[in-house]
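# Structural overview for review
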Amino acid sequence: MTQAITHAASPEAGKAPVVTIDGPSGSGKGTIAKLLADKLGYALLDSGALYRLTALAALNADVDLADEARLAEIAGNLDIRFAVANGEVAAVLEGKDVSRDIRMERVSMAASKVAAIPAVREALLQRQRDFRSPPGLVADGRDMGTTVFPDAPVKIFLTASAEERAQRRFDQLQRRGVSVSLRDLLEDIRARDDRDMNRTASPLAPAEDAVVLDSTDIGINDVLQKVLDLVHERIQ
Ligand SMILES: Nc1ncnc2c1ncn2[C@@H]1O[C@H](COP(=O)(O)OP(=O)(O)OP(=O)(O)O)[C@@H](O)[C@H]1O
Ligand SMILES: Nc1ccn([C@H]2C[C@H](O)[C@@H](COP(=O)(O)O)O2)c(=O)n1
C-alpha cells in the first residue's frame, strides 16, 4: 500500500533508499511509480502534483503567471497534503480535494510555465526531499535523479516516442469520456517537451547514472519488471 508523507524528515529518513523515475509527459512515470511504490511498500512522491498545485493556487488567486516573486511565495507557502483513500492518493489544497482540478488542461499549461521559474523550483525543493522516509521512496518527475535526489541508488529515465505518448493520452481521455483531437494532443506533448527540456532551471534530462528505458513498444508489466529487477540488484 502506498504511503502518503506530509511531515518533515528525521535523520534516518535521509538515508532511506530512493528510486527516481524521470521522463517526459505520458511516458508512464506515474503509472510505474505507483505500482512500484505499492509493490515495495515505499512512499510515493508525485512531484508534478506540487507544480500543478502551485499553478492551481496561483490561478485561484488570479496571480499573473509572469509574476515570478509572487509565484515563488505561493510555492513556498502551499497549504497542501496528500491523503490516501481507497489505494489512491488525493491532492488536498487548503482542505479541498483538488485531485481532478489539477489535471485540467489549463492547470497543466500553467504548471509547465510555473515549473520553468527557478525561484519556484527552489521553493519546492526541501518539500520534495521531506518525502524521503524509511523503508524508501519512489519519486516521479523531471529532475528527481539530477537535482532533488542526486544520491538515489536507482535512477530510471522512462521515455517513449511523442506519437505513442499522445496515443496513450488520447486513449486515457477517451476512457474518461473526454473528447479531444489526437493531433492537438501531439502538438501539446511536443510543446511541453520543448519547454521542459529547454528551460534553464533543472531541464528534463537523464542523470548521468540513470538507466534509460524506452517504453514505446513495451507494456506496463514488462517496464515494471525491468525496474523491479534493478531495485533488487541495487537495493534489496
Ligand atoms: N508501457 C506502457 N504501455 C502502454 N500504455 C502505457 C504504458 N505506460 C503507461 N501507459 C498509459 O499511458 C498513460 C499515461 O501514463 P502516465 O500518466 O503514467 O504518464 P506520466 O509519464 O506520468 O505523464 P505525466 O508526466 O503527464 O503525468 C496512462 O493511461 C497509462 O496507463
Ligand atoms: N520534477 C518535476 C515535475 C514536474 N515538472 C513539470 C512538468 C510539467 O510541465 C508539470 C506537471 O508535471 P506532470 O504532472 O505532468 O508530471 O510540472 C517539473 O518541471 N519538474
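Residues numbered from 1 in each chain as written. Chains lettered and ligands numbered in written order. Predicted model: local features only at pLDDT ≥ 70, side-chain atom pairs only at ≥ 80, totals over all residues. Heavy atoms only, no water.

## Topic: the site of ligand 2
Around ligand 2 there are 15 residues in total, and R52, R121, R142, D143 and R199 lie nearest to it. R121 has a polar side-chain atom sitting 2.8 Å from an oxygen atom of ligand 2. Within the side chain of R142, a nitrogen or oxygen atom sits 2.9 Å from an oxygen atom of ligand 2. Within the complex, 96% of the 450 Å² of free accessible area of ligand 2 lies under protein. Those elements giving two or more residues to the shell around ligand 2 turn out to be α2 (47-60) and α8 (182-198). (Near = heavy atom within 4 Å. Polar contact = N/O pair within 3.5 Å; in protein donor to acceptor, adjacent residues only side chain to side chain. Areas by Shrake-Rupley, 256 points an atom, 1.4 Å probe, with all protein chains shown as cover. Helix = DSSP H or I, 4+ residues; strand = E, 2+ residues; numbered from the N terminus.)

## With respect to the sheet that holds strand β7 (residues 154-159)
If you walk across this open sheet you meet the 5 strands as β2-β6-β1-β7-β8, and the pairing is parallel. Unpaired on one side and paired on the other, β2 (43-46) and β8 (211-214) mark the two borders of the sheet. Strand-to-strand twist across the sheet, computed as the mean angle between neighbouring axes with direction ignored, equals 20 degrees. Sheet topology places strand β1 (residues 18-22) next to strand β6 (residues 137-141); 5 bridges connect them, and they run parallel. Along β6, the bridge assignment pairs T20 with A139. Lying over the sheet, helix α1 (residues 29-40) contacts β1, β2, β6 and β7, oriented at roughly 175 degrees with respect to β6. (Pairing = 2+ DSSP bridges. Axes fitted to C-alpha atoms, helices over the stretch in contact; angles between N-to-C directions. Contact = heavy atoms within 4.5 Å.)

Without other data, these values stay purely geometric and don't point to any function.
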